[in-house]
Amino acid sequence: MVSSRGLTLIVPFALATAVSSAALDAATFAQTPFDFIVAGGGTAGVAVAVRLSEIANVTVGIIEAGTFNADDPRLNIPQGTNTAGLFTNDLYSWNFYTTPQAKLAGRSLFMARGKLLGGSSAINLLGVALAGAVEYDQIGQLGNPGWSYENTLKYFKRATNMSVAPKELQEETAATFSYKFHGASGPIKTSFASWYSKATPPFYKALVQLGFAPVRDGGNGLDAGSVWNPPLAIDQDTKTRSYSGNGYYLPNAGRRNLYLLTNAQVIKVNLSNTPDASGNYTATGVTYVSNGITYTASVKKDVIVSGGSVQSPQILELSGIGNKELLTKVGVKPIIDLPGVGENYQDHIITTSSIKIPSTIETWDVFANPGPNATAFEQ
Ligand SMILES: Cc1cc2nc3c(=O)[nH]c(=O)nc-3n(C[C@H](O)[C@H](O)[C@H](O)COP(=O)(O)OP(=O)(O)OC[C@H]3O[C@@H](n4cnc5c(N)ncnc54)[C@H](O)[C@@H]3O)c2cc1C
Ligand SMILES: *[C@@H]1O[C@H](CO)[C@@H](O)[C@H](O)[C@H]1NC(C)=O
Ligand SMILES: *[C@@H]1O[C@H](CO)[C@@H](O)[C@H](O)[C@H]1NC(C)=O
Ligand SMILES: *[C@@H]1O[C@H](CO)[C@@H](O)[C@H](O)[C@H]1NC(C)=O
Ligand SMILES: *[C@@H]1O[C@H](CO)[C@@H](O)[C@H](O)[C@H]1NC(C)=O
Ligand SMILES: *[C@@H]1O[C@H](CO)[C@@H](O)[C@H](O)[C@H]1NC(C)=O
């Protein structure tokens, strides 16, 4: 057994090796007395687990279905998402497809979801963009106390550490922002790219001429009708991706009260056999599969379900929490009839457009040439 106690040094990022050895084995994990278990070590799950483990006398466990390869250049090179095909990489992506969508001429759409410590933040396109204020406010208005733009902004700021772009980038590419909407000391490093296509400045100007308001910082809660340059989750000190695996977990891997189990899939939240007087069940633990063997770990306080927007509902349904009829049909014993679970999934739409421009303008195409491509990879 190698416990998280073994790793006490915070090594420079590029030198970090065998970090997954900080993980517990599946059988030892099941014997550990946890206060909290986080089911799904993704973007949010890792952040929640690490923040909880700031409380020295609580014990926190993370169960992640994927791996943790902190030194894989495909994850760390910011453009790896494109160049190494991370979206479709079997090791790091679940490679889901939707069911055929009636409103999309019956097509099934590909849905990338990260499958590794750090979750989708380890394979995503790095854009650090807030939604409009109205969206956060409406989540609150639906009956979720604490949700509002003003309140969530506090947490976005706490998560991030934004660095100022060089003056010429600010002028040429609108690489501007305000600390009103960005943090200065959080674990996720954010910044502007240090290289832009020469097509960027004229494109920006053209949009402004067409009537889009030039905005200094799109985190301002107004996310429509404007043109702006969103920051990226890149650490400019190391020129690497900053995500919850290396931002939250890695510097805290040595905490004595934080345990990580990778390559283990949660198949159920165990609930108390009977409800309490008010009809509520208590989560008593989590059942997971590792190397084909099933284990159950128990919790004294809470199970935090953080499998992401696709798999959190799946974990709940497998636990008997969901639409009673649907669960019965697929052979899961319904415990809590909650018909909303797993329904009404919505995703944001993204469109890209291709525009022919004179070949004299330098674009990303320059990296199709061996010389500039090799230089860029070296950097
Ligand atoms: C390809 C791609 C590009 C994107 N680009 C951007 C962008 O540029 N900007 C932006 O803001 N957002 C972007 N997003 C969205 C953003 O990355 C996600 O919304 C966010 O990371 C979701 O965080 P999460 O914690 O909810 O889920 P995730 O980060 O997906 O975490 C879920 C975790 O749970 C694990 N898990 C699931 N089921 C189980 C189980 N049963 N047992 C154990 N572990 C389990 C998964 O392996 C995963 O690690 C992108 C997403 C993708 C996929
Ligand atoms: C941790 O310590 C605090 C303060 O002493 C106490 O209130 C709390 O119950 C303790 N939690 C656990 C899980 O022991
Ligand atoms: C914020 O980021 C800057 C630049 O990378 C770094 O020098 C600074 O130490 C960071 N601040 C904190 C509190 O981590
Ligand atoms: C938890 O659920 C699993 C799978 O159904 C079961 O095998 C196990 O006995 C349960 N454990 C407890 C303590 O309820
Ligand atoms: C039972 O659950 C309801 C709804 O989540 C909650 O309002 C209530 O406080 C719970 N009761 C107990 C005794 O925990
Ligand atoms: C750029 O270099 C990388 C790393 O050597 C290589 O994998 C990739 O195929 C190259 N791309 C092009 C377009 O030459």
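Residues numbered from 1 in each chain as written. Chains lettered and ligands numbered in written order. Predicted model: local features only at pLDDT ≥ 70, side-chain atom pairs only at ≥ 80, totals over all residues. Heavy atoms only, no water.

Enquirer: Looking at this model, I keep getting lost on the overall build of the chain. Mind explaining?
Expert: Counting its regular elements, the chain contains twelve helices and 16 strands. Taking 379 residues into account, the globule formula puts the C-alpha radius of gyration at 21 Å, and the chain, at 22 Å, falls close to it. Within the chain, the proportion of its 379 residues that are buried is 41%. Of the contacts formed within the chain by residues at least 6 apart in sequence, a portion of 62% connects residues at least 24 apart. (Helix = DSSP H or I, 4+ residues; strand = E, 2+ residues; numbered from the N terminus. Rg over C-alpha atoms; globule rule 2.2 N^0.38 Å. Buried < 20%, exposed > 50% of the residue type's maximum accessible area, 1.4 Å probe, protein only. Contact = heavy atoms within 4.5 Å.)

Enquirer: What exactly am I supposed to notice about the pairing of strand β2 (residues 60–63) here?
Expert: The side chains of a regular strand alternate between the sheet's two faces. Residues Val60 and Ile62 of β2 are buried on one face, and the alternating residues Gly61 and Ile63, pointing to the opposite face, are buried as well. Here strand β1 (residues 34–39) runs beside β2; their pairing, made up of four bridges, is parallel. Within β2, the residue paired with phenylalanine 36 across the bridge is valine 60. With respect to chirality, the unit in which β1 leads through helix α2 (residues 43–52) into the neighbouring parallel β2 is right-handed. Pairing geometry for β2 and strand β11 (residues 258–261), over four bridges, is parallel. (Pairing = 2+ DSSP bridges. Right-handed = clockwise from strand over helix to strand, strands pointing away.)

Enquirer: Looking at this model, I keep getting lost on unusual backbone geometry. Mind explaining?
Expert: Trans is the prevailing form of peptide bonds, just as negative phi is the prevailing case for residues other than glycine. Here alanine 174, not a glycine, exhibits a phi torsion of approximately 55°, which is positive. With a relative accessible area of 9%, alanine 174 lands in the buried category. The phi dihedral of asparagine 263 falls on the positive side, at around 55°, and the residue is not glycine. Looking at asparagine 263, the relative accessible area reads 41%, which means it is partly exposed.

Enquirer: Would you explain the pattern of salt bridges in this entry?
Expert: Should the charged atoms of two oppositely charged side chains come close, the side chains can pair. Overall, the coordinates contain six salt bridges when judged by the stated rule. Arginine 51 is the partner of glutamate 54 in a salt bridge, and the nearest nitrogen-oxygen pair spans 2.9 Å. Owing to a relative accessible area of 34%, arginine 51 belongs among the partly exposed residues under this scheme. Among the ionic pairs, aspartate 237 bridges to lysine 189, the shortest N-O distance being 3.9 Å. Of this pair, aspartate 237 sits in the loop between β9 (234–235) and β10 (240–241) while lysine 189 sits in strand β6 (residues 188–190), and the two are 48 residues apart along the sequence. (Salt bridge = Lys/Arg side-chain N within 4 Å of Asp/Glu carboxyl O.)

Enquirer: How should I be thinking about the site of ligand 5 in this particular structure?
Expert: Residues in contact with ligand 5, as listed here, are Asp276, Ser278 and Asn280. Taking serine 278, its side chain carries an N or O atom lying 3.2 Å from a nitrogen atom of ligand 5. Separating an oxygen atom of ligand 5 from a side-chain N or O atom of asparagine 280 is a distance of 2.4 Å. Taking 360 Å² as the accessible area of ligand 5 by itself, protein coverage stands at 22%. (Near = heavy atom within 4 Å. Polar contact = N/O pair within 3.5 Å; in protein donor to acceptor, adjacent residues only side chain to side chain. Areas by Shrake-Rupley, 256 points an atom, 1.4 Å probe, with all protein chains shown as cover.)

Enquirer: In this structure, what is going on with the side chain of asparagine 229? I would like to understand it.
Expert: Following the sequence through the fold, asparagine 229 ends up in the loop between β8 (226–227) and β9. Under the relative-accessibility criterion, asparagine 229 is labelled buried at 11%. There is a polar contact of 2.8 Å between the side chain of asparagine 229 and the backbone oxygen of threonine 173. A distance of 3.1 Å separates a polar atom in the side chain of asparagine 229 from a polar atom in the side chain of tyrosine 196.

Enquirer: Explanation requested: the site of ligand 3 in the structure shown.
Expert: Taken together, the residues surrounding ligand 3 are Asn161, Ala184, Ser185, Lys189 and Asp237. The fraction of the free accessible surface of ligand 3 (360 Å²) that becomes covered by protein chains is 46%. Grouping the constituent residues of the shell around ligand 3 by class yields one nonpolar, two polar and two charged. (Nonpolar A, V, L, I, M, F, W, Y, C, P; charged D, E, K, R; others polar.)

Enquirer: Can you help me understand the UniProt feature "domain: Glucose-methanol-choline oxidoreductase N-terminal" (unreviewed entry) in the chain in this one?
Expert: UniProt's entry tags residues 308–322 with the feature "domain: Glucose-methanol-choline oxidoreductase N-terminal" (unreviewed entry), counted in the numbering of this structure. Here residues 308–322 is 73% helix and 13% strand, with 16 Å between the C-alpha atoms at its ends. (UniProt positions renumbered as here; feature names shortened; annotations may be inferred.)

Enquirer: Just checking my understanding: could you explain the environment of alanine 368 for this structure?
Expert: Mapped onto the elements, alanine 368 comes out in the loop between β16 (336–337) and α12 (370–378). With relative accessibility at 67%, the residue alanine 368 sits in the exposed group. Distance in space between the C-alpha atoms of alanine 368 and aspartate 71 is 25 Å, their sequence separation being 297 residues.

Enquirer: Mind showing me how you'd approach the domain arrangement of the chain here?
Expert: Think of interface size as the accessible area that goes away when the parts come together; that is how it is often given. Partitioning the chain into domains gives domain 1 (1–126 + 243–348) and domain 2 (129–232). Here the C-alpha centroids of domain 1 and domain 2 sit 28 Å apart. When domain 1 packs against domain 2, the two sides together hide about 460 Å² of surface, and 62% of this comes from carbon and sulfur. When the buried area of domain 1 at its contact with domain 2 is split by residue, Arg51, Leu126 and Tyr248 rank highest and sum to 72% of it. (Domains from an automatic or database assignment. Buried area = accessible area lost by both parts, 1.4 Å probe.)

Enquirer: Can you walk me through α2 in this structure?
Expert: An α-helical segment advances 3.6 residues per turn. Residues three or four places apart therefore align on the same side. Three or more residues of α2 are buried, namely Gly45, Val46, Ala47, Ala49, Val50 and Leu52. Those residues of α2 that are buried are in contact with β1, β2, α9 (244–249), β11 and β14 (293–305).

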